[in-house]
Amino acid sequence: MVREPLVDSYGRVHRDLRISVTDRCSLRCTYCMPEQGVPWLPRDTMLSTEEVVRLAGVAVAMGIEEVRLTGGEPLLRRDLVDVVAGLAALDPAPEISMTTNGVGLARIAADLRAAGLTRVNVSIDTLSRETFIEMAKRDRLTDTLAGIEASAAAGLLPVKLNTVLMRGVNDHEAVDLLGFALAHGYQLRFIEQMPLDAQHQWDRTQMVTGEEILGRLRTAYRLDPLPDETRGSAPAELFLVDGGPATVGVIASVTMPFCGTCDRVRLTADGMIRNCLFATGETDLRGPLRAGASDDELAVLLRTSIGAKLPGHGINEPGFLQPPRPMSRIGG
């Protein structure tokens, strides 16, 4: 039975479910976690493939149209292909995408495509091996680039690239990164650094803003903004590059928040629903699920969580508190 759509008290209809399938990661990007890593969630708290698919099925019955698999690094989940296949078997089947750092993607891209994955977002912050090691604390740039290439070859299109610029580290590469994306037919999105690091050391003054990013890109390219009505609920503001058809996007979550059109809800790897990336509270679905809750009972919990969603993330408000969970434990 199709239930009522997931609408919050501000009229936002939720159609996008982000599912974190693991909190573990193969890199140590400085804007996410310290070099030594963070304590991992206990394995017995992690949702099984069957549990992930069942909860996703409840959400799909309530109007969710896209499921994005995230982490940590989703490729570290050994049964990832089974997760994708289970989601693809839902009726109706959602669009299934994935955000990944690309390390190991070359090995499994074709299998993921065959299982039902439609596209990928790959995080790549630099084209320099030395800068990659400085930022990610691992020497894996070659693997990431191979993963990007394999995704395109497997038909996981369009291949989208996500880049976080850090002042004095890789911000001088903005033009080169866009040139790389244009040359290969990838879609690049620059993302403002957000206060989601495990260290809680985010500093607004060190964040490279959306306006700064555009300023750097305009030293080499003409950028024309697409009309606002073409954006919908997408987080990225898109710009035609040198008249198009190629575009580049800027996700300015901090300086130009887009909370008013947000249609996303997140399920953590340990089965908690988060109605906002920056929420300080969450709703437990794992406990009721394992205690024998029916789909209807789980649907009520999901709807209640969405109903309590705030109008915005509050980053620019005086009383803002960074969520206790770091990004690796939330899922992007």
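Residues numbered from 1 in each chain as written. Predicted model: local features only at pLDDT ≥ 70, side-chain atom pairs only at ≥ 80, totals over all residues. Heavy atoms only, no water.

The mixed open sheet is built from 12 strands, whose spatial order is 9-10-11-8-7-6-5-4-3-12-13-14. A single partner strand is all that each edge strand has here, and the edge strands are strand 9 (223-225) and strand 14 (283-284). Sheet analysis places strand 4 (residues 66-70) next to strand 5 (residues 95-100), joined by 4 bridges and oriented parallel. Across the sheet, the residue bridging to Leu69 is Met98, located in strand 5. Where helix 2 (residues 80-88) meets the sheet, its contacts fall on strand 4 and strand 5, and the angle it forms with strand 4 comes to roughly 170°. (Pairing = 2+ DSSP bridges. Helix = DSSP H or I, 4+ residues; strand = E, 2+ residues; numbered from the N terminus. Contact = heavy atoms within 4.5 Å. Axes fitted to C-alpha atoms, helices over the stretch in contact; angles between N-to-C directions.)

As a further point, take the pairing of strand 6 (residues 119-123). For a regular strand, side chains alternate in direction, first toward one face of the sheet and then toward the other. Of all 5 residues that make up strand 6, 4 are buried, and the element is covered over most of its length. Direction of pairing for strand 5 relative to strand 6: parallel, over a ladder of 4 bridges. Paired with Thr100 across the strands is Val122, a residue of strand 6. With respect to chirality, the unit in which strand 5 leads through helix 3 (residues 105-115) into the neighbouring parallel strand 6 is right-handed. Pairing between strand 6 and strand 7 (residues 160-164): 3 bridges, direction parallel. (Buried < 20%, exposed > 50% of the residue type's maximum accessible area, 1.4 Å probe, protein only. Right-handed = clockwise from strand over helix to strand, strands pointing away.)

What follows concerns the environment of Phe190. Positionally, Phe190 belongs in strand 8 (residues 187-191). With a relative accessible area of 0%, Phe190 lands in the buried category. Those residues in contact with Phe190 that sit more than four places away from it in its chain are Thr163, Leu165, Ala174, Leu177, Ile213, Leu217, Val248, Gly249, Val250 and Ile251.

With that settled, the discussion passes to the nonpolar core. Leu69 and Leu161 are the most contacted members of the largest nonpolar core, which has 95 residues in total. Top contributing element to this core by residue count: helix 1 (residues 49-61), with 7 residues. Setting aside its immediate chain neighbours within four residues, Leu161 contacts Val122, Ile124, Ile148, Phe180, Ala181, Tyr186, Gln187, Leu188 and Arg189. (Core = buried A, V, L, I, M, F, W, Y, C linked by side-chain atoms within 4.5 Å.)

To continue, consider helix 1. Compared with the 18 Å implied by 1.5 Å per residue over 13 residues, the 18 Å span of helix 1 between its first and last C-alpha is a close match. Where burial is concerned, most of helix 1 is hidden: 10 out of the 13 residues are buried. Along helix 1, the residues classified as buried are Thr49, Glu51, Val52, Val53, Leu55, Ala56, Val58, Ala59, Val60 and Ala61. Buried residues along helix 1 sit against strand 3 (16-20), helix 2, strand 12 (264-267), helix 8 (286-290) and helix 9 (295-307). (Expected span 1.5 Å × (residues − 1).)

This part takes up the packing of aromatic side chains. Scanning the entire structure with this criterion turns up 1 aromatic pair. Centroid distance Phe180 to Tyr186: 5.8 Å. Interplanar angle 55°. Geometry classified as tilted. Among the residues examined, Phe180 registers a relative accessible area of 17% and is labelled buried. For Tyr186, a relative accessible area of 10% gives the class buried. (Phe/Tyr/Trp six-rings, centres within 6.5 Å; stacked < 30°, edge-to-face > 60°.)

Let's shift gears to the environment of Arg138. Looking at the secondary structure, you find Arg138 in the loop between helix 4 (129-136) and helix 5 (141-154). Overall, Arg138 belongs to the partly exposed group, its relative accessible area being 28%. Contact partners of Arg138, with chain neighbours within four places excluded, come to Ser26, Leu27, Arg28, Glu35, Phe132 and Ile133.

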